Amino acid sequence: MTSYAKAHTNIALIKYWGKKDPQLMLPMNNSISLTLDAFYTETWVSFQKELTSDRFILNETVQDTKQSKKVVKFLNEARAISKTKLFAEVKSINHVPTAAGLASSASGMAALAGATSLALGLPLDDISLSRLARHGSGSATRSIYGGFSEWQKGSDDATSYAVPLKEDLSDWDLAMIFILINDQPKKISSTAGMAHTVETSIFYPGWLKAIDGDLKDVRQAISEKNFTLLGETAERNALRMHATMLGANPPFTYLAPGTLTALDIVQKLREQGILGYCTMDAGPNVKVLVEKANVKTFLDALSVTFPKENLVVAFPGRGIELKEK
Ligand code: DP6
């Protein structure tokens, strides 16, 4: 029997940046994200008596030990919980440019948590899936849900998981334009980047100090459907996260010249009253939060500088889907 799961990526509007407990994958702060339809992962998992080790096949290519590390670590956790000794074959198709800061780990680990839970007979409620996904990757906690969700940092393994904030966005015409500045795998993983920042950045305490205010503003913006408050808070929060890296020792940044060009174009449109707000993750790509009615105006303005094929429009996506196949 093979279990299947499909999970969409999410982009954080209030970022998760730093772990309080790397072993349990507990974050320093709550984060809030929007799940999107354009990028997703499909994963098939089967535990088999014949296997003598786990096998991970990504986009039809067998992965080596190093490439399979995160998946095997996750499977070890799942085996410990379900008390099985069987090894698994995991096949994933990533409809996301892997490791380009487009949060492939979020959809990938959420899909893996879903398919593994189904295969091992583990609980399938959203909170259990979110908690298990956390062991694979922090941002994956939020990809269990459609629309907006919040990862509550919690204080231990049982209390750290995401909850939905607003899953049904049929009454709010939002879109996100992805500007692919560079689809090469990043040099510093988000895991390593956040650990280095927590340990060494003189700005990290400032990041933590501001987070409760940002979370409050985004929750309010979502409940009131206040686009300006949502966007302004998200852009400010993303820039603060990137500022923490500049304050690290040694300093580093994921931002590239194209990132700043994109920020500038969006800022200029805002000055003309056409509202869009930027957010960037552990990579140079920019995601612009816009209202659906303005998508064309933004694409026209951005395509003067960026190739059209590097501009991808996404809309709010659905939560995880599970199937026995
Ligand atoms: C910048 O979830 O990839 O995208 O938990 O170490 O696997 P690990 O990190 P990951 O980090 C995501 C960081 C971020 C912000 C966010 O998605 O909240």
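Preceding block: the structure.
In this text, all values refer to a predicted model and were calculated from it rather than measured experimentally. Here the residue numbers are simple positions, counted from 1 along each chain's written sequence. Local features in a predicted model are, by the rule used here, given only for residues with pLDDT of at least 70; side-chain atom pairs are given and counted only at 80 or more, and totals for whole chains, interfaces and linings are based on all residues. Side-chain measures here rest on the full set of heavy atoms in the structure, leaving out hydrogens and waters.

Asks: Even after reading the chapter, I still don't get the side chain of Asn285, so can you show me in this structure?
Replies: Every helix listed is a DSSP run of H or I at least four residues long, and every strand listed is a run of E at least two residues long, numbered separately from the N terminus. Mapping Asn285 onto the fold places it in the loop between strand E11 (276–279) and strand E12 (286–291). Burial here depends on accessible area, computed with a 1.4 Å probe over protein chains only, as a share of the maximum for the residue type. Under 20% is buried, over 50% is exposed, and the range in between is partly exposed. Take Asn285: its relative accessible area is 1%, and that puts it in the buried class. Pairs of N or O atoms are called polar contacts if they sit within 3.5 Å, as long as, within protein, a hydrogen donor faces a hydrogen acceptor (for residues adjacent in sequence, only side-chain-to-side-chain pairs). A polar contact of 2.6 Å, which involves the side chain of Asn285, links it to the backbone nitrogen of Ile181.

Asks: Teacher, can you tell me more about a positive patch on the surface here?
Replies: To count toward a patch, a residue needs a relative accessible area above 30% and no salt bridge. Like charges then connect within 9 Å, nonpolar side chains (Val, Leu, Ile, Met, Phe, Trp, Tyr) within 5 Å. Exposure was quantified through the Shrake-Rupley algorithm and a 1.4 Å probe, taking into account, for residues, occlusion by the shown protein chains and nothing else. We count a salt bridge whenever a side-chain nitrogen from Lys or Arg sits within 4 Å of a carboxyl oxygen from Asp or Glu. Counted as positive: Lys and Arg. Counted as negative: Asp and Glu, with His and the chain ends omitted from the count. To locate a charge, take NZ of a lysine, CZ of an arginine, CG of an aspartate or CD of a glutamate. On the surface, a cluster of positive charge is made up of Lys66, Lys69, Lys70 and Lys73. Checked against the element boundaries, Lys73 lands in helix H1 (residues 69–82). Overall, Lys73 belongs to the partly exposed group, its relative accessible area being 39%.

Asks: I'm lost on the pairing of E12 in this one. Help?
Replies: Looking down a regular strand, the side chains alternate between one sheet face and the other. By the criterion of burial, E12 is predominantly enclosed, with five of the six residues buried. Strands are labelled as partners when DSSP assigns at least two bridges between them. Pairing between strand E10 (residues 174–179) and E12: six bridges, direction antiparallel. Bridge assignment links Leu174 to a residue of E12, and that residue is Glu291. Looking at chain direction, E11 and E12 are connected through four bridges and run antiparallel. The residue of E12 that forms the bridge with Thr279 is Lys287. Here E11 folds back onto E12, and the loop between the two strands holds six residues.

Asks: In this structure, what is going on with the packing of H1 against helix H3 (residues 126–136)? I would like to understand it.
Replies: When two helices pack together, their arrangement is given by the angle between the helix axes and by the axis-to-axis distance. Convention adopted: a line fitted to C-alpha atoms gives each axis, helices being fitted over their contacting stretch, and angles between N-to-C directions are expressed from 0 to 180 degrees. Contact geometry for H1 and H3: axes closest at 8 Å, N-to-C directions at 140°. By the angle between their axes, H1 is oblique relative to H3. Of the two elements, H1 crosses H3, and the hand of that crossing is right-handed. Contacts between H1 and H3 pair Lys70, Lys73, Phe74, Glu77 and Ile81 from the former with Leu132, His135 and Gly136 from the latter. Residues of the contact of H1 with H3, tallied by class, amount to three nonpolar, two polar and three charged. When describing relative orientation, an angle under 35 degrees is termed roughly parallel and one over 145 degrees roughly antiparallel, while 65 to 115 degrees is termed roughly perpendicular and anything else oblique. For any helix crossing, the convention is left-handed if the near helix is rotated counterclockwise from the far helix by under a right angle, and right-handed if that rotation is clockwise. The contact definition used throughout considers only heavy atoms, calling two residues in contact when any of these lie within 4.5 Å. In this classification, Asp, Glu, Lys and Arg are treated as charged, Ala, Val, Leu, Ile, Met, Phe, Trp, Tyr, Cys and Pro as nonpolar, and every other residue, Gly included, as polar.

Asks: Hey, could you run me through unusual backbone geometry in this one?
Replies: What is expected of a backbone is that most residues other than glycine have negative phi and most peptide bonds are trans. In this chain, Asn249 is followed by Pro250 through a cis amide linkage whose omega measures -5°. Structurally, Pro250 can be placed in the loop between helix H6 (227–246) and helix H7 (257–271). Even without glycine at this site, Lys225 takes up a positive phi of about 50°.

Asks: How should I be thinking about the site of the ligand in this particular structure?
Replies: Whether a residue is near a molecule or strand depends on its heavy atoms: if one lies within 4 Å, it is near. Taken together, 18 residues are adjacent to the ligand, and Tyr16, Lys19, Ser137, Gly138 and Ser139 come closest. Side-chain polar atom of Tyr16 to an oxygen atom of the ligand: 2.6 Å apart, as the coordinates give it. One nitrogen or oxygen atom from the side chain of Ser105 is found 3.2 Å from an oxygen atom belonging to the ligand. When the ligand sits alone it has 460 Å² of accessible area, and the protein chains cover 96% of it. Among the elements that take part in the shell around the ligand, helix H4 (residues 190–200) stands out by supplying three residues, more than any other.

Asks: Sorry if this is basic, but what is going on with the packing of aromatic side chains here?
Replies: The geometry of an aromatic ring pair is captured by the separation of the ring centres together with the interplanar angle, meaning the angle of the planes. Aromatic pairing here means that ring centres of Phe, Tyr or Trp (its six-membered ring) are within 6.5 Å. Orientation follows from the plane angle: under 30 degrees is stacked, over 60 is edge-to-face, and everything else is tilted. Within this structure, the stated rule accounts for seven aromatic pairs. Between Tyr16 and Trp151, the aromatic rings sit 4.7 Å apart at their centres with planes inclined by 70°, giving edge-to-face as the arrangement. With Tyr16 in the loop between strand E1 (3–14) and strand E2 (19–21) and Trp151 in strand E8 (residues 148–152), this residue pair connects regions lying 135 residues apart in the sequence. Judged by relative accessible area, which is 10%, Tyr16 ranks as buried. For Trp151, a relative accessible area of 0% translates into the label buried.

Asks: Is there a simple way to think about the side chain of Gln63 in this case?
Replies: With respect to the helices, strands and loops of the structure, Gln63 is situated in the loop between strand E6 (61–62) and H1. Overall, Gln63 belongs to the buried group, its relative accessible area being 15%. Within the structure, the side chain of Gln63 is placed 3.0 Å from the backbone oxygen of Thr61, a separation counted as a polar contact.

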